[in-house]
Amino acid sequence: MFPTTIPCLHLMLLCCVLVMGKPSPRSNPAPWDWQTGEQVDYAKYNKYEEEMKKMLEQPYFARVNNKTAVKRGEVAFLPCRVKEMNEGYTVSWMRLSDVTILSVGSLAFSSDQRYGVVHVSRPRIQADDWTLLINTTTTMDSGKYECSVNTMPKISHVVELVVEDPMDIIMQDSPYTYTLPEEDAQYPGPSAMAVISGPATHHVSSGSTIGLECRISHLSTPPTSLYWKKEGKVFTARDRPGISLESEKVPGVSTTRLFISHVTTDDSGQYSCCSDIATPDTVRLVVTRASPGSALTGHNSCSNISSTHGLPAL
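K.L.:
Can you help me understand the sheet that holds strand 2 (residues 67-71) in this one?
P.N.:
Note: strands within a sheet are paired through backbone hydrogen bonds, in either parallel or antiparallel orientation. Taken together, the 6 strands give an open sheet; going across it, the order is 2-11-10-5-6-7, and neighbouring strands pair in mixed fashion. The two strands at the open ends of the sheet, each matched to only one other strand, are strand 2 and strand 7 (107-108). Looking at chain direction, strand 6 (residues 100-104) and strand 7 are connected through 2 bridges and run antiparallel. Residue pairing for strand 7: Val104 is matched across the bridge by Leu107.

K.L.:
Would you take a moment to explain the confidence of the model for the chain for this structure?
P.N.:
Confidence in the prediction of the chain, expressed as mean pLDDT, is 76, and 69% of residues score 70 or more. The least confident element of the chain is helix 4 (residues 182-186), whose mean pLDDT is 42; the most confident is strand 10 (residues 143-149), at 94. Contacts from residues 292-314, a stretch scored under 50 in pLDDT, to residues over four places away or in other chains number 52 contacts.

K.L.:
Teacher, can you tell me more about the nonpolar core here?
P.N.:
The nonpolar side chains of a soluble globular protein tend to be buried with one another. Core analysis: the largest hydrophobic core is formed by 31 residues, its most contacted members being Leu212, Ile216, Trp228, Leu258, Ile260, Tyr271 and Cys273. Of all elements in the fold, only strand 8 (115-122), strand 12 (192-196), strand 14 (210-219), strand 15 (226-230), strand 17 (243-248), strand 18 (252-260), strand 19 (269-275) and strand 21 (281-288) reach the threshold of two or more residues within this core. The biggest single contributor to this core is strand 14, with 5 residues. One finds Val117, Leu132, Val149 and Val163 within the second-largest nonpolar core, a separate group that totals 20 residues.

K.L.:
What's the story with the pattern of salt bridges in this structure? I'm lost.
P.N.:
Pairs can form between side chains of opposite charge once their charged atoms are near each other. According to the stated counting rule, one finds 10 salt bridges in the structure shown. Among the ionic pairs, Arg114 bridges to Asp112, the shortest N-O distance being 3.1 Å. For Asp112, a relative accessible area of 26% gives the class partly exposed. Several salt bridges share partner residues, and in doing so they unite Arg81, Arg122 and Asp129 into one network.

Cut-offs and rules
Residues numbered from 1 in each chain as written. Predicted model: local features only at pLDDT ≥ 70, side-chain atom pairs only at ≥ 80, totals over all residues. Heavy atoms only, no water. Pairing = 2+ DSSP bridges. Helix = DSSP H or I, 4+ residues; strand = E, 2+ residues; numbered from the N terminus. pLDDT = per-residue confidence, 0-100. Contact = heavy atoms within 4.5 Å. Core = buried A, V, L, I, M, F, W, Y, C linked by side-chain atoms within 4.5 Å. Buried < 20%, exposed > 50% of the residue type's maximum accessible area, 1.4 Å probe, protein only. Salt bridge = Lys/Arg side-chain N within 4 Å of Asp/Glu carboxyl O.

So this is what it looks like as structure tokens:
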């Protein structure tokens, strides 16, 4: 009797454990109420949207030449054009070979006086030109230069400068010697000529605005550099606030214009139009103390000059 009863008791206990250990059925969950659920942080999304708008309004670079070639001793112009340049942003130039800051804004940071920056605002195209100038270039100046704007993240534009030394042609490792042609030896220098419109001497009253226009014609290729000098030194906005420079370097006819507002007797002197491929032209500006006016020399201004050499009024 006992041997058969014990297995039955074990079976009954096992069934009781299984029945008692079975979890009770869960009640049906209530439907999800989106109004009482987790609240969305709309302020955070608005912040992200504002940041995206700021990124779209940030400055950007316009397409310009990213390689400049000059001959040793010439002035190198490294272009950098920034569009949508709003307040709070600054343009800087850096030499990448030794990571040296050359300028911040219009202020030159280098102790080398050959470096300078020319800032020209171009409101018609909503752009600003920040051109790096290197005077009296040497072959050591060859390399890459970076123009950057302090956006988030930073944007940069790299320009490569190549300074060529004409003596390298003669000093090449060759059994032959290089001899200049006879006609080149007699008439050295470029064949193209720069021509400044108007008379050789311009007279203008103090307080007026003077404009000088220079053209270089019959060009198969545009010049690399086109600039102005005053008394033999490169003339930029750093030397005289209130000037405006416009240049158009294209094949055929290249043009540069120099505008000087509110002239004084200090602006008198010799002004030269210079280029890397043309013989320079020079005129003299004489500022006199007379009734103020505004004067501008044009391409055909020679026919409008009176016997007193006065400039035509605007």
